[in-house]
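Structural characterization, general
Each chain is listed here by its residues.
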Amino acid sequence: MVSLINKEKLGVDKIIKNSLDHCDLYIIQKGDKVFLLYLFEREKYYYFKIMPEIVGKWEDCENVLYTAFGLFGFVNKQDELEQKIREKMEALIKHVNT
């Protein structure tokens, strides 16, 4: 189970990866904040949705796309992934009461 995300580059305390049917779910902890990151990879493009931790089932890659909470990110190079995730995570920390 290879992780595309490096916790040191992302600047977080802990990452747990779960491989689901159509995406990978990363549970990310930064201090006392927990985030859910759904990462999709299609033909060398990466897109993701990151959101604060929510109560309920987390295993559905498709339903999360329609959830009202969270931010999307898109990159076409794997080495840009952590930077884009970090930007979105910081925006959530700043603007959402998690």
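Structural data are supplied above this passage.
Throughout what follows, the structure given in this document is the object of discussion.

Scoring rules and cut-offs
- Residues numbered from 1 in each chain as written.
- Predicted model: local features only at pLDDT ≥ 70, side-chain atom pairs only at ≥ 80, totals over all residues.
- Heavy atoms only, no water.
- Salt bridge = Lys/Arg side-chain N within 4 Å of Asp/Glu carboxyl O.
- Helix = DSSP H or I, 4+ residues; strand = E, 2+ residues; numbered from the N terminus.
- Buried < 20%, exposed > 50% of the residue type's maximum accessible area, 1.4 Å probe, protein only.
- Disulfide = S-S within 2.5 Å.
- Patch = residues over 30% accessible without salt bridge, like charges linked within 9 Å, V, L, I, M, F, W, Y side chains within 5 Å.
- Areas by Shrake-Rupley, 256 points an atom, 1.4 Å probe, with all protein chains shown as cover.
- Lys, Arg positive; Asp, Glu negative; His and termini not counted.
- Charge placed at Lys NZ, Arg CZ, Asp CG, Glu CD.

Structural notes on the pattern of salt bridges
Using the criterion set out here, one finds three salt bridges in the structure. A salt bridge links lysine 30 to glutamate 90, with the shortest nitrogen-to-oxygen separation between them at 2.7 Å. Note that lysine 30 is positioned in strand S2 (residues 24-30) and glutamate 90 in helix H3 (residues 81-95), a separation of 60 residues in sequence. What makes lysine 30 partly exposed here is its relative accessible area of 24%.

Structural notes on unusual backbone geometry
Phi angles above zero are rare outside glycine, and glutamate 43 is one such case at about 45°. Among the structural elements, glutamate 43 can be located in the loop between strand S3 (33-42) and strand S4 (45-52). Residue lysine 44 is not a glycine yet carries a positive backbone phi of 70°. A residue is classified by how much of its surface remains accessible, and lysine 44, at 70% relative accessible area, is exposed.

What to know about the state of the cysteines
This structure, assessed with the given rule, holds one disulfide. For cysteine 23, the disulfide goes to cysteine 61, at an S-S distance of 2.0 Å. Measuring the twist about the S-S bond at about -85°, one finds the cysteine 23-cysteine 61 disulfide to be left-handed. Linking cysteine 23 in the loop between strand S1 (14-19) and S2 with cysteine 61 in helix H2 (residues 61-64), this pair joins segments that are 38 residues apart in sequence. Each member of the pair cysteine 23 and cysteine 61 is classed as buried.

Quick word on a negative patch on the surface
Together, Asp21, Glu59, Asp60 and Glu62 make up a region of like negative charge exposed at the surface. Note on placement: glutamate 62 falls in helix H2.

Purely geometric stuff here, so don't read any function into it on its own.
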